[in-house]
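What follows is each chain in one-letter form.
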Amino acid sequence: MTLVRRLARPLLAAPFIYGGIDQLRRPDRKTDGGGPIVPALKGLAVGPVTLPSEEAGLVRLNGALMTGAGLGLATGRAPRLSSVVLAASLVPTTLTGHRFWEAPDEKTKQLQLVQALKNAALFGGLLIAAVDTDGKPGLAWRAHHAAKQAERTTKAVTVAGTAAAKRAQKKASKKAKRTHKKLEKAVG
């Protein structure tokens, strides 16, 4: 399975790296067809970050995200996070760049539909890559396992503590009886 990952991740990342570099070099080639999505994104504040207010800046930002996350996926550095970033970048990319429903003719509509479906397939592959734990347990399993281990440890400590308390109580009771007998002899 490791060999499959070593081959599949760079192959899945390749179109994003290529497209990201292209968007960084020539953002003007991607600014002509944003539809209603681009105006909604211009200058949008996402937490402490404000998106660029011009189309070329948005294209460059998308290109930087695609290149960085693509390289992360291809090299196996933070592949799950990289997959999520790439999947998220596909949504506005597809909605702005492949609006087949607005195509002026049947040929253009078919070309854009193929591109939208290709992006949907990439999205599906990225979702699989995002949940691939590389043969290691995921966070949910680790948390559940840690909770069970803590429960077992607590139970063992409680049982050991209860047994020790019973032994101490027995010992104290015997000592108290001996002391009581010694006092009775001394008084009596």
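Since the model is a prediction, treat every value here as computed from it, not as a measurement. (Residues numbered from 1 in each chain as written. Predicted model: local features only at pLDDT ≥ 70, side-chain atom pairs only at ≥ 80, totals over all residues. Heavy atoms only, no water.)

### Comments concerning the overall build of the protein chain
For clarity, the threshold we go by: Labels follow the DSSP assignment, with helices taken as runs of H or I lasting at least four residues and strands as runs of E lasting at least two, numbered in each case from the N terminus. The size measure is the radius of gyration over C-alpha atoms, and the globule rule it meets is 2.2 Å times the number of residues to the 0.38 power. Relative accessible area decides the class of each residue, using a 1.4 Å probe on protein chains only: under 20% of the type maximum gives buried, over 50% gives exposed, and in between gives partly exposed. Any two residues having at least one pair of non-hydrogen atoms within 4.5 Å are treated as being in contact. Using a 1.4 Å probe, the Shrake-Rupley method yields the accessible areas, and only the shown protein chains count as cover for residues. A positive count includes Lys and Arg, and a negative count includes Asp and Glu. His and the chain ends are not counted in either. Here the site of a charge means atom NZ of a Lys, CZ of an Arg, CG of an Asp or CD of a Glu.
Looking only at helices and strands, one finds six helices and two strands in the protein chain. Listing the helices and strands of the protein chain from first to last along the sequence gives α-α-β-β-α-α-α-α. Its C-alpha atoms give the protein chain a radius of gyration of 32 Å, more than 25% over the compact-globule value 16 Å for 188 residues. Principal axes of the C-alpha set define a box for the protein chain whose edges measure 115 × 40 × 30 Å. Within the protein chain, the proportion of its 188 residues that are buried is 23%. Considering only intrachain contacts with a sequence separation of at least 6, the fraction spanning at least 24 residues in the protein chain is 62%. By element, 65% of the accessible surface of the protein chain is carried by carbon and sulfur atoms, the whole surface being about 13100 Å². One way to put it: in the protein chain the 31 positive side-chain charges average out to a point 28 Å from where the 12 negative ones average out.

### Points about the pattern of salt bridges
Rules: One speaks of a salt bridge when a side-chain nitrogen belonging to Lys or Arg is within 4 Å of a carboxyl oxygen belonging to Asp or Glu.
Under the criterion given, the structure shown has four salt bridges. A salt bridge links D132 to R5, with the shortest nitrogen-to-oxygen separation between them at 2.6 Å. A residue pair is termed long-range when its members are at least 10 positions apart, and D132 in the loop between α5 (106-131) and α6 (139-187) and R5 in helix α1 (residues 2-25) qualify at 127 residues. The pair D132 / R5 is uniform in exposure class, with both members buried. Ionic pairing is found between D22 and R26, a salt bridge with its closest N-O pair at 2.6 Å. Salt bridges sharing partners connect three or more residues here, namely R5, R9 and D132.

### Remarks on unusual backbone geometry
With phi around 55°, A78 is a residue other than glycine that occupies positive phi space. Tracing the chain through its elements places A78 in the loop between α3 (55-75) and α4 (79-97).

### Remarks on the environment of A13
One can find A13 in helix α1. In this structure, the C-alpha to C-alpha distance between A13 and A165, residues 152 residues apart in sequence, is 62 Å. When residues no more than four places from it in sequence are discounted, the contact partners of A13 are G70, L73 and A74.

### Quick look at a nonpolar patch on the surface
Heads up, the rule is: The patch calculation keeps residues exceeding 30% relative accessible area without a salt bridge and links them within 9 Å when they carry like charges or within 5 Å when they are nonpolar (Val, Leu, Ile, Met, Phe, Trp, Tyr).
The grouping of L3, L7 and L11 at the surface amounts to a nonpolar patch, some 360 Å² of accessible area in total. Here L7 lies in helix α1.

### Some points on the confidence of the model for the protein chain
Going by this rule: The quantity called pLDDT is the predictor's confidence in a given residue, expressed from 0 to 100.
On average, residues of the protein chain carry a pLDDT of 86, and 93% of them reach 70 or more. α5 holds the highest mean pLDDT among the elements of the protein chain, 95, whereas helix α2 (residues 37-41) holds the lowest, 67.

### Observations concerning the packing of aromatic side chains
The condition is simple: Ring pairs shown here join Phe, Tyr and Trp side chains whose ring centres sit within 6.5 Å, with only the six-membered ring taken for Trp; geometry is labelled stacked below 30 degrees between planes, edge-to-face above 60, and tilted in between.
On inspection of all chains with the given rule, the structure shows one aromatic pair. Here the aromatic rings of F100 and W101 are separated by 5.1 Å at their centres, their planes lie at 80°, and the arrangement is edge-to-face. Assessed through its relative accessible area of 48%, W101 is described here as partly exposed.

### A word on the nonpolar core
The line we're drawing: By convention a nonpolar core is built from buried Ala, Val, Leu, Ile, Met, Phe, Trp, Tyr and Cys residues, the set being connected through side-chain atoms within 4.5 Å.
Counting residues in hydrophobic clusters, the biggest one holds 13 residues, and the most contacted among them are L12, F16, L73, L86, L90, L122 and L126. Contributing elements (two or more residues each) for this core: α1, α3, α4 and α5. No other element matches the four residues that α1 contributes to this core. When neighbours within four sequence positions are excluded, L90 is seen to be in contact with F16, N119, L122, F123 and L126.

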